[in-house]
Amino acid sequence: QQQVRQSPQSLTVWEGETAILNCSYENSAFDYFPWYQQFPGEGPALLISILSVSDKKEDGRFTIFFNKREKKLSLHIADSQPGDSATYFCAASLNYGSSGNKLIFGIGTLLSVKP
Amino acid sequence: AQTIHQWPVAEIKAVGSPLSLGCTIKGKSSPNLYWYWQATGGTLQQLFYSITVGQVESVVQLNLSASRPKDDQFILSTEKLLLSHSGFYLCAWSLGVSNERLFFGHGTKLSVL
């Protein structure tokens, strides 16, 4: 049973557009939601994260919108650049800050930004 | 600055052969260490984690084992590879006691034939 779902599986946008990547989860106890960015042949790197006490988090061109009631969140990438082309993973965990906490990853969204 | 190094970069192995993958973290004492597995085009599945030397917790059973012989070293191994072991193996470390921010290595691509 997949606890973290992502959609779409792949997304193509033109340079300058806003890319919207969606994520939903099942466990209402999840309290921490990071997004990781992965380029081919490399390990993922943390892009931006949000705690369940917030409904929005911004970092430059990247914004997370979080809806706790609907158990949904989305990553918006404004002014998309070809260099943003990568796979984006939504993840979730509970008991933020506790030892041995496990992150559960979604299947990822492959983003392609066309120049 | 902390660095994480995984070896080898890639491996092609026969079914039934043994495997040993390694990971070294420099510049951070007593990190939490993790092994993740990623199928081609797939999600990341945590396999093991370790919070201290000599202690390793298994998260899923995939006929693999892990050990932490030194504070900065994490080893993933098996005596007999299966076809299903193919994929991308990622070592990661985290600050403090939880994995709220994971720092991944560049990974090892394993092909089992």
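Here's a quick rundown of the structure. (Residues numbered from 1 in each chain as written. Chains lettered and ligands numbered in written order. Predicted model: local features only at pLDDT ≥ 70, side-chain atom pairs only at ≥ 80, totals over all residues. Heavy atoms only, no water.)

1. Here we look at the sheet that holds strand 3 (residues 19–25) of chain A
Residues and elements named next belong to chain A.
In step 1: Strand order in the open sheet formed by five strands is 1-3-8-7-6, and the pairing between neighbours is antiparallel. In the strand order of this sheet, the two ends are held by strand 1 (4–7) and strand 6 (56–59), each with one partner. Going from strand to strand, the sheet's axes swing by 15° on average, the running direction of each strand aside. (Pairing = 2+ DSSP bridges. Helix = DSSP H or I, 4+ residues; strand = E, 2+ residues; numbered from the N terminus. Axes fitted to C-alpha atoms, helices over the stretch in contact; angles between N-to-C directions.)

2. Side note on the nonpolar core
In step 1: Among the nonpolar cores identified, the biggest contains 26 residues, and W35, L73, L75 and Y88 of chain A are the most heavily contacted of them.
In step 2: Taken together, the elements giving at least two residues each to this core come down to strand 2 (10–14), strand 3, strand 4 (32–38), strand 5 (45–51), strand 7 (62–67), strand 8 (72–77), strand 9 (86–92) and strand 11 (109–114) of chain A.
In step 3: Among residues more than four places away in sequence, those in contact with L73 of chain A are L21, N22, C23, Y25, F33, W35, I64, F65, F66 and C90 of chain A.
In step 4: W35, L76, Y89 and W93 of chain B belong to the second-largest nonpolar core, a separate cluster that totals 20 residues. (Core = buried A, V, L, I, M, F, W, Y, C linked by side-chain atoms within 4.5 Å. Buried < 20%, exposed > 50% of the residue type's maximum accessible area, 1.4 Å probe, protein only. Contact = heavy atoms within 4.5 Å.)

3. Details of the side chain of S74 of chain A
Residue and element names in this part refer to chain A.
In step 1: Along the chain, S74 turns up in strand 8.
In step 2: Given a relative accessible area of 11%, S74 falls into the buried group.
In step 3: Polar side-chain contacts of S74 include one of 3.2 Å to the side chain of H76. (Polar contact = N/O pair within 3.5 Å; in protein donor to acceptor, adjacent residues only side chain to side chain.)

4. Considerations on the state of the cysteines
By definition, a disulfide is the covalent link that joins the sulfur atoms of two cysteine residues.
Residue and element names in this part refer to chain A.
In step 1: In this structure the tally under the stated criterion is two disulfides over all chains.
In step 2: Between C23 and C90 runs a disulfide, and the two sulfur atoms are separated by 2.0 Å. Here the S-S torsion is close to -70°, and the disulfide linking C23 with C90 is therefore left-handed. On the criterion of sequence distance, the pair formed by C23 in strand 3 and C90 in strand 9 is long-range, its members being 67 residues apart. Of the two residues, C23 and C90, neither departs from the other in class, the shared state being buried. (Disulfide = S-S within 2.5 Å.)

5. Points about the pattern of salt bridges
All names here are of chain B.
In step 1: Scanning the entire structure with this criterion turns up six salt bridges over all chains.
In step 2: With its nearest N and O atoms 2.7 Å apart, the salt bridge here joins K26 to D72. Here K26 is found in strand 3 (residues 19–26), whereas its partner D72 is found in the loop between strand 7 (65–70) and strand 8 (73–78), with 46 residues between them in sequence.
In step 3: Between R68 and D71 there is a salt bridge, with its nearest N and O atoms 3.3 Å apart.
In step 4: With relative accessibility at 3%, the residue R68 sits in the buried group. (Salt bridge = Lys/Arg side-chain N within 4 Å of Asp/Glu carboxyl O.)

Distances and angles like these do not, on their own, reveal function.
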